Amino acid sequence: GEDVEQSLFLSVREGDSSVINCTYTDSSSTYLYWYKQEPGAGLQLLTYIFSNMDMKQDQRLTVLLNKKDKHLSLRIADTQTGDSAIYFCAESKDDKIIFGKGTRLHILP
Amino acid sequence: GAVVSQHPSWVICKSGTSVKIECRSLDFQATTMFWYRQFPKQSLMLMATSNEGSKATYEQGVEKDKFLINHASLTLSTLTVTSAHPEDSSFYICSARGGEGNQPQHFGDGTRLSIL
């Protein structure tokens, strides 16, 4: 199977919380990342978490890591229209970063 | 901090032309730079990894003579698509990393290449 898997699409009402889930395969990954890509643009590093952490919070963003299950999630509180984008989960592997296929977050009014 | 500038952002050219894309780290020294290709609605595909002053390491299936990479300084890497054809049309994104190991990569805004 794929190294990094995530659902392809998520639809959330404005003001609600968005939760994007991801699973990865390499238990030796040191860092796990969340990147955001807006239409026609490059990738913006949103946040990353060291593998010995369970949780990291940064303003509206909360990252949860379950290392036993190799599960990573990104929660966006109070989702806004500006959060509409593709969110890529990624794991570090050897000297590279392996990306998932991305989750397209759609905001409903 | 950690700003990566990629230029040009969009280029249209005729088949057979060679196109050069630049990737610069503006406020840090990039010991390693990466070049990716992204097809519509797809994830990023790593093409090659380059370390300053040495030859790039290409991923399997990527033609090194087709995609020439130069990383001559700690702040600049270039990708040249030689004799471009319509199938080379894509979104090319570079990233840069300072330090070693599993440090985050910081991405440029990408270059949309259209070959007519």
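Since the structure is predicted, the reported quantities are computational estimates derived from the model, not experimental observations. Going along each chain's sequence as written, the residues are numbered from 1 onward. Each chain is given a letter, starting from A, and each ligand a number, starting from 1, according to the order in which they appear as written. For a predicted model such as this one, the threshold for reporting local features is a pLDDT of at least 70, and the threshold for listing and counting side-chain atom pairs is 80 or more; totals across whole chains, interfaces and linings nevertheless cover every residue. Side-chain calculation: all heavy atoms of the structure are included, whereas hydrogens and water are not.

Q: Just checking my understanding: could you explain the interface of chain A and chain B for this structure?
A: A common measure of how large an interface is: the accessible area buried when the components associate. At the interface, 21 residues of chain A touch 23 residues of chain B. The quantity reported as buried area is the accessible area (1.4 Å probe) lost by two parts once they are put together, taken as the sum for both. Across the interface of chain A and chain B, roughly 1,600 Å² is buried in total on both sides, 51% from carbon and sulfur atoms. Any Lys or Arg side-chain nitrogen found within 4 Å of a carboxyl oxygen on Asp or Glu counts as a salt bridge. Connecting chain A to chain B are one salt bridge. Pairs of N or O atoms within 3.5 Å make up the polar contacts considered here, provided that, within protein, one atom can donate a hydrogen while the other can accept it, and that residues adjacent in sequence are counted only when both atoms are side-chain atoms. The tally of links between chain A and chain B comes to five residue pairs in polar contact (both at pLDDT 80 or more). When residues of the side of chain A that touches chain B are traced back to their parent elements, those giving at least two are strand 4 (31–37), strand 5 (43–50), strand 9 (85–93) and strand 10 (96–99) of chain A. Contact between two residues is taken to exist if any of their heavy atoms lie within 4.5 Å; hydrogens are not considered. Only runs of H or I of at least four residues qualify as helices and only runs of E of at least two qualify as strands under DSSP, and these elements are numbered from the N terminus.

Q: Honestly, the packing of aromatic side chains in this entry has me stumped. Any pointers?
A: In this scheme Phe, Tyr and Trp rings, the latter by its six-membered ring, pair at centre separations within 6.5 Å, and the angle between planes marks the pair as stacked below 30 degrees, edge-to-face above 60, and tilted otherwise. Tallied over the entire structure, the rule returns 12 aromatic pairs over all chains. Ring centres 5.5 Å apart and planes at 40° place the aromatic pair Tyr-36 of chain B and Phe-107 of chain B in the tilted group. Of this pair, Tyr-36 of chain B sits in strand 4 (residues 32–38) while Phe-107 of chain B sits in strand 10 (residues 106–107), and the two are 71 residues apart along the sequence. The residues Tyr-36 of chain B and Phe-107 of chain B share a single accessibility class, namely buried. Here the aromatic cluster, defined as three or more aromatic residues joined through ring pairs, consists of Tyr-31, Tyr-33, Tyr-35, Tyr-48, Phe-50, Phe-88 and Phe-99 of chain A together with Tyr-36 and Phe-107 of chain B. Of note, Lys-56 of chain A hangs over the ring of Tyr-48 of chain A, and the distance from its end group to the ring centre comes to 4.6 Å. Buried means the residue's accessible area, taken with a 1.4 Å probe over protein chains only, is under 20% of the maximum for its type, while exposed means over 50%, and partly exposed covers the values in between. Here, a charge over a ring means that NZ of Lys or CZ of Arg falls within 6 Å of the ring centre while also lying within 35 degrees of the ring normal.

Q: Looking at this structure, I do not really get the pairing of strand 5 (residues 44–51) of chain B. What am I missing?
A: Regular strands place side chains that alternate from one sheet face to the opposite one. Residue and element names in this part refer to chain B. The buried fraction of strand 5 is high, at six of eight residues. Two strands qualify as a pair provided that DSSP identifies no fewer than 2 bridges between them. By the bridge criterion, seven bridges tie strand 4 to strand 5 in an arrangement that is antiparallel. Counterpart to Thr-32 in the pairing with strand 5 is Asn-51. The loop that links strand 4 with its antiparallel partner strand 5 comprises five residues; one of these, Lys-41, has a positive phi angle of about 60°. As paired strands, strand 5 and strand 6 (residues 57–58) are joined by two bridges and run antiparallel to one another. Looking at the pairing, Thr-49 lines up with Thr-57 of strand 6. Turn length for the strand 5-strand 6 hairpin, with the two strands adjacent in sequence and antiparallel, is five residues, and the turn residue Gly-53 shows positive phi of about 85°.

Q: Honestly, the state of the cysteines in this entry has me stumped. Any pointers?
A: A covalent bond between the sulfur atoms of two cysteines is referred to as a disulfide. Residue and element names in this part refer to chain B. In what follows, a disulfide is any cysteine sulfur pair within 2.5 Å. In total, this model carries two disulfides over all chains according to the counting rule given. Across the disulfide, Cys-23 is cross-linked to Cys-94 (sulfur-sulfur distance 2.0 Å). Taking the sign of the torsion about the S-S bond as the criterion, the disulfide between Cys-23 and Cys-94, at about 80°, is right-handed. With Cys-23 in strand 3 (residues 19–25) and Cys-94 in strand 9 (residues 90–97), this residue pair connects regions lying 71 residues apart in the sequence. Residue classification places Cys-23 among the buried residues on the basis of a relative accessible area of 0%. For Cys-94, a relative accessible area of 0% corresponds to the buried category. Cys-13 takes part in no disulfide bond, and the closest cysteine sulfur, belonging to Cys-94, lies 18 Å away. Cys-13 gets classed as buried once you look at its relative accessible area, which sits at 11%.

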